[in-house]
Amino acid sequence: MRLLAILCFALFSQLVEAQISEGMSKTLPADHLEKNHYLEFENFRDSPRAPIAAAIKIDGQPVRSIQEIFRYFSEIVGAWLPEGKTIKSKTDSEGREVWNYPIGTRVIHFLTLNDKEKTPFELRMMERVEEGRWAFGVYHLKEGEYKLQNYNGLLQKEFELNHENGKVYNVSLKHIPLQVCQNCHSNTTSAPYQYSSRQDVGPCEFTPANPKVKNDWVKKFLDERGYHPIQKL
Ligand code: HEC
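Residues numbered from 1 in each chain as written. Predicted model: local features only at pLDDT ≥ 70, side-chain atom pairs only at ≥ 80, totals over all residues.

Engineer: Teacher, can you tell me more about the overall build of the protein here?
Structural biologist: Secondary structure assignment for the protein yields 5 helices and 14 strands. Taken against the 2.2 N^0.38 rule, which gives 17 Å for 233 residues, the C-alpha radius of gyration of the protein at 19 Å falls within 12% of a compact globule. Counting only C-alpha atoms and orienting by the principal axes, one finds that the protein spans roughly 55 × 55 × 35 Å. Taking as baseline every contact in the protein between residues at least 6 positions apart, the subset at least 24 positions apart corresponds to 61%. (Helix = DSSP H or I, 4+ residues; strand = E, 2+ residues; numbered from the N terminus. Rg over C-alpha atoms; globule rule 2.2 N^0.38 Å. Contact = placed C-beta atoms within 7 Å.)

Engineer: Help me understand the sheet that holds strand E12 (residues 155–162) in this model?
Structural biologist: Hydrogen bonds along the backbone pair up the strands of a sheet, which may run parallel or antiparallel. If you trace the 4 strands from one edge of the open sheet to the other, you get E4-E3-E13-E12, paired in antiparallel fashion. Both edges of this open sheet fall to strand E4 (61–62) and E12, since each of them pairs with a single strand only. Of the strand pairs in this sheet, E12 and strand E13 (residues 168–175) are connected by 8 bridges, and their pairing is antiparallel. Note that in E13 the partner of phenylalanine 159 across the bridge is valine 171. (Pairing = 2+ DSSP bridges.)

Engineer: How should unusual backbone geometry be read in this particular structure?
Structural biologist: Most peptide bonds take the trans configuration, and most residues that are not glycine carry a negative phi. In the segment running from serine 47 into proline 48, the intervening peptide bond is cis, with an omega of 0°. The topology assignment puts proline 48 in the loop between strand E2 (39–40) and strand E3 (54–58). At aspartate 59, a residue that is not glycine, the phi angle is positive and equals roughly 50°. Position of aspartate 59 among the secondary structure elements: in the loop between E3 and E4. A tally of 11 C-beta atoms within 10 Å means that aspartate 59 is categorised as exposed. The phi dihedral of lysine 118 falls on the positive side, at around 50°, and the residue is not glycine. Along the chain, lysine 118 turns up in the loop between strand E8 (106–113) and strand E9 (120–130). You can call lysine 118 exposed: it has 12 C-beta atoms within 10 Å. (Buried ≥ 20, exposed ≤ 12 C-beta atoms within 10 Å, placed from the backbone.)

Engineer: Just to check I follow, could you spell out the site of the ligand for this structure?
Structural biologist: Inspection of the region around the ligand gives 26 residues, with Ala50, His109, Cys181, Cys184 and Glu205 positioned closest. Looking at the shell around the ligand, the elements that each hand over two or more residues are E8, E9, strand E10 (133–142) and helix H4 (181–188). Take the shell around the ligand: its biggest share by element is 4 residues, from H4. Within the shell around the ligand, the residues separate by chemical class into 18 nonpolar, 5 polar and 3 charged. (Near = placed C-beta within 6 Å. Nonpolar A, V, L, I, M, F, W, Y, C, P; charged D, E, K, R; others polar.)

Engineer: Explanation requested: helix H5 (residues 211–225) in the structure shown.
Structural biologist: Since the α-helix advances by 3.6 residues per turn, residues separated by three or four positions end up pointing in the same direction. The terminal C-alpha atoms of H5, which comprises 15 residues, lie 20 Å apart, in line with the 21 Å expected from a rise of 1.5 Å per residue. Helix geometry: H5 is bent most strongly at tryptophan 217, by close to 30°. Among the residues making up H5, those that are buried are Val213, Trp217 and Phe221. Buried positions along H5 lie against E2 and strand E5 (73–80). (Expected span 1.5 Å × (residues − 1). Bend = angle between axes of the 7 residues up to and from the residue.)

So, in structure tokens, the structure goes:
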């Protein structure tokens, strides 16, 4: 009976996982970010913030505040639209702007270590894989390419960080579980009104609520691609 329960749970977790990342590439080349010119945007809220990892310890000491965590890690957020495609913008009945992102849109949260090489720690990605669904994925750089991860629960890691300040730190942490991405985004997004269901939930800050996306990111996009990324319907 117990074994059956465990097997059912394992199967269920696998299904949940498959759904979360389904439709995303299993691997990406190591130069994926440089080749695809993700254009960085800035967050417009100081909180909520996405967690870097759980139970971070540096030389055995727990590190909790975000300021302290960013002594050891760096992050960027960026977005990429498929060639020639635009975000369709509508106004809802309450006068709020709602975006329909084109299929193939990718938004990233890229975390690196503060060593000289800026070693990738984790590439989080959301991809608009079909109408009504964003897929969530975590990629780790392994054997020269980014591999889509499918661990269950928290993934424990321990490694040495050769900090750019010249010191060596012992880092222990747990990668956040894939199963929590969607839920947390559903609770923290700056534009909950634009998502029709929990499955449809996507970006937290890459939304029409973020003036920095609508100004700076749009300008960068215009410069680089030569057309406006947002089309008003
Ligand atoms: C505890 C809440 C929480 C969890 C869990 C979480 N995120 Fe986020 N995520 C956020 C918040 C808040 C932001 C925006 C602020 C920031 O960047 O810190 C964000 C930003 C992002 C972005 C940048 C684009 C944007 O504006 O949304 C991506 C991509 C992303 N998350 C992917 C993921 C993936 C993949 C997972 C699961 C492995 C995940 N997130 C788990 C809260 C969360």
